[in-house]
Amino acid sequence: MHSDHQKFMQMAIDLSRDGMRSGVGGPFGCVIVKDGKVVGKGSNAVSSSNDPTAHAEVVAIRDACNNLGHFQLDGCILYTSCEPCPMCLGAIYWARPAKVYYANTKIDAARIDFDDQFIYQELELPLEQRKIPFEQLMNAEAWEVFEEWKSKSDKTLY
Ligand SMILES: [Zn+2]
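Summary of the structure given here. Quick caveat: nothing in here was measured; it's all calculated off a predicted structure.

Rules used in this analysis
- Residues numbered from 1 in each chain as written.
- Predicted model: local features only at pLDDT ≥ 70, side-chain atom pairs only at ≥ 80, totals over all residues.
- Helix = DSSP H or I, 4+ residues; strand = E, 2+ residues; numbered from the N terminus.
- Buried ≥ 20, exposed ≤ 12 C-beta atoms within 10 Å, placed from the backbone.
- Pairing = 2+ DSSP bridges.
- Core = buried A, V, L, I, M, F, W, Y, C linked by C-beta atoms within 7 Å.
- Contact = placed C-beta atoms within 7 Å.
- Axes fitted to C-alpha atoms, helices over the stretch in contact; angles between N-to-C directions.
- Expected span 1.5 Å × (residues − 1).
- Arc of directions from axis to C-beta.
- Right-handed = clockwise from strand over helix to strand, strands pointing away.

## A short note on the overall build of the protein chain
Point 1. Summing up its helical and strand segments, the protein chain has seven helices and four strands in all.
Point 2. If you list the helices and strands of the protein chain from N to C, you get α-β-β-α-α-β-α-β-α-α-α.
Point 3. Across its three principal axes, the protein chain shows a C-alpha extent of roughly 60 × 40 × 25 Å.
Point 4. Among the 158 residues that make up the protein chain, the fraction classed as buried is 28%.

Structure below.
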């Protein structure tokens with residue numbers, strides 16, 4: 001007897017397998033569920049779409065938000081076949097689902113050479129010590145746009 005959680009996780013795992021076998025991308029799948037119904041799904045499509053952000057969770061979040069017509073995943077549950085990388089973790093926090101279930105861990109991912117530990121290490125370093133150099137330019141000019149946003153009366157808050 002399988003619970004609904006297992007049923008949806010099995011769908012995410014099946015997506016990870018199908019995406020891998022069909023050459024769409026790496027072995028990662030994700031399903032997003034609201035009120036017991038699948039509202040979004042995806043598998044990793046980085047290599048086939050030439051999109052380094054096309055991780056399964058990002059693909060599924062875009063699909064779910066498109067289907068729901070909203071930029072937030074209120075009351076949704078996200079099932080991902082692997083513990084999210086830092087980018088997807090950020091995307092999940094922006095999308096604000098109610099809960100995340102994962103199957104493989106990031107340690108499992110590292111064992112098949114998908115190691116995102118270096119990104120966590122980079123986060124701890126000062127900007128100037130990171131592998132990709134970051135340098136500030138034109139703060140004052142960019143701040144003018146922020147000021148305009150601050151006083152904009154018809155903005156959509158998120
Ligand atoms: Zn990711």
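There is more to say after this.
## Describing the environment of Y93
Point 1. Note on placement: Y93 falls in helix 4 (residues 86-95).
Point 2. When the C-alpha atoms of Y93 and Q72 are compared, they prove to be 9.7 Å apart, with 21 residues separating the residues in sequence.

## A word on the pairing of strand 2 (residues 37-43)
Side-chain direction in a regular strand flips from residue to residue, so the side chains alternate between the two faces of the sheet.
Point 1. Relative to strand 2, strand 1 (residues 29-34) runs antiparallel, the two being bridged by six bridges. The residue of strand 2 that forms the bridge with V31 is K41.
Point 2. Hairpin remark: strand 1 followed by strand 2, antiparallel, with two residues in the connecting loop; positive phi at D35, about 50 degrees.

## Re the nonpolar core
Point 1. Judged by nonpolar contacts, the single largest core of 28 residues is most densely connected at A12, C30, V31, I32, A60 and Y79.
Point 2. Elements with a minimum of two residues in this core: helix 1 (4-21), strand 1, helix 3 (56-68), strand 3 (76-82) and helix 4.
Point 3. Every residue in contact with C30, bar those within four places of it in the chain, is listed here: A12, L15, K41, G42, A56, E57, A60, L78, Y79, T80 and S81.

## Here's the deal with unusual backbone geometry
Point 1. Its identity is not glycine, yet D35 carries a phi of approximately 50 degrees, on the positive side.
Point 2. In this fold, D35 is placed in the loop between strand 1 and strand 2.
Point 3. The phi torsion at R96 lies on the positive side, around 55 degrees, for a residue other than glycine.
Point 4. Inspection of the secondary structure puts R96 in the loop between helix 4 and strand 4 (99-104).
Point 5. For R96, a count of 13 C-beta atoms within 10 Å puts it in the partly exposed group.

## With respect to the sheet that holds strand 4
Point 1. Pairing within the open sheet is mixed, and its four strands lie in the order 2-1-3-4. Each of the sheet's edge strands pairs with one partner strand only, and the pair in question is strand 2 and strand 4. Pairwise comparison of adjacent strand axes, ignoring direction, gives a mean angle of 15 degrees for this sheet.
Point 2. For strand 1 and strand 3, the ladder comprises five bridges, and the chain directions are antiparallel.

## Quick notes on helix 1
Point 1. Taking 1.5 Å per residue as the helical rise, helix 1 with its 18 residues ought to reach 26 Å, and the 26 Å between its terminal C-alpha atoms agrees with that figure.
Point 2. For helix 1, every residue scored as buried is listed here: F8, M9, A12, I13, L15, S16 and G19. Along the long axis of helix 1, the arc covered by the buried residues comes to 150 degrees, so they all point the same way. Projecting away from the buried face of helix 1 at angles above 90 degrees are the exposed residues D4, Q6, K7 and R21.
Point 3. Turning to helix 1, the residues buried within the fold contact strand 1, strand 2, helix 3, strand 3 and strand 4.
Point 4. Where helix 1 terminates, the next one or two residues include G23, which has phi positive at roughly 80 degrees.

## Examining the pairing of strand 3
Point 1. Burial analysis of strand 3 places seven of its seven residues in the buried class, the great majority of the element.
Point 2. For the crossover from strand 3 across helix 4 to strand 4, the handedness is right-handed.

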